[in-house]
Amino acid sequence: MKNLRLTLGVAAIAIGSFAAFSFAPASSNAKVALLEFYTNPDGSRGQQVSGANECTGPNPRICSQEYDTSTNMPTGNKIHTGVRP
């Protein structure tokens, strides 16, 4: 009977530890970096914008936009139209 109680006690501690770590927040080493890049004439991502963008003129073409560097996809935010001088 004593061995059974000891076994059940150890099992309870193991299950409790597992449950505590199962619901703990996961640490993520991946940092999401949102950066603005110029858009090439073919629509691909170009050079990174440093400082303020240089897009000028009333042109409907996308000149620069924000990208998520972890997915290399545009976010749809900070879209500037115009022509880069």
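Use the structure listed above.
*Asks:* Help me out: how do you make sense of the overall build of the protein in this one?
*Replies:* In terms of regular secondary structure, the protein is built from one helix and five strands. N-terminal to C-terminal, the α/β element order of the protein is α-β-β-β-β-β. Pairs at least 24 apart in sequence give 42% of the contacts found in the protein among residues at least 6 apart.

*Asks:* Please clarify how the state of the cysteines should be interpreted in this entry.
*Replies:* As used here, a disulfide is simply a covalent bond connecting the sulfur atoms of two cysteines. A full pass over the atoms with the stated rule returns one disulfide. Through a disulfide, Cys55 is tied to Cys63; the S-S separation comes to 2.0 Å. Disulfide Cys55 to Cys63: torsion about the S-S bond roughly -85°, handedness left-handed. Residue Cys55 is classed as buried on the basis of its relative accessible area, which comes to 15%.

*Asks:* Can you walk me through the side chain of Thr39 in this structure?
*Replies:* Turning to its location among the elements, Thr39 is positioned in strand β1 (residues 34–39). Using a relative accessible area of 9% as the deciding quantity, one classes Thr39 as buried. The residues touching Thr39, leaving out its near neighbours within four places in the chain, are Ser44, Gly46, Arg61, Ile62, Cys63, Ser64 and Gln65.

*Asks:* What exactly am I supposed to notice about the environment of Arg84 here?
*Replies:* Note on placement: Arg84 falls in the segment after β5 (80–81). Arg84 sits in the partly exposed class, given a relative accessible area of 34%. Separated by 28 residues in the primary sequence, Arg84 and Thr56 have C-alpha atoms spaced 6.4 Å apart. A distance of 3.2 Å separates the side chain of Arg84 from the side chain of Gln47, its partner in a polar contact.

*Asks:* Hey, could you run me through unusual backbone geometry in this one?
*Replies:* The phi dihedral of Asn72 is positive, around 60°, even though this residue is not glycine. Look at Asn72 and you get partly exposed, because its relative accessible area is 46%. Phi angles above zero are rare outside glycine, and Lys78 is one such case at about 50°. For Lys78, the position within the fold is in the loop between β4 (73–74) and β5.

*Asks:* Explanation requested: the environment of Asn40 in the structure shown.
*Replies:* Relative to the helices and strands, Asn40 resides in the loop between β1 and β2 (45–48). Classification of Asn40 as partly exposed rests on a relative accessible area of 29%. Separated by 24 residues in sequence, Asn40 and Ser64 have C-alpha atoms that sit 8.7 Å apart. In contact with Asn40, not counting residues within four places along its chain, are Arg45, Gly46 and Arg61. A distance of 3.3 Å separates a polar side-chain atom of Asn40 from the backbone oxygen of Arg45.

Procedures and definitions
- Residues numbered from 1 in each chain as written.
- Predicted model: local features only at pLDDT ≥ 70, side-chain atom pairs only at ≥ 80, totals over all residues.
- Heavy atoms only, no water.
- Helix = DSSP H or I, 4+ residues; strand = E, 2+ residues; numbered from the N terminus.
- Contact = heavy atoms within 4.5 Å.
- Disulfide = S-S within 2.5 Å.
- Buried < 20%, exposed > 50% of the residue type's maximum accessible area, 1.4 Å probe, protein only.
- Polar contact = N/O pair within 3.5 Å; in protein donor to acceptor, adjacent residues only side chain to side chain.

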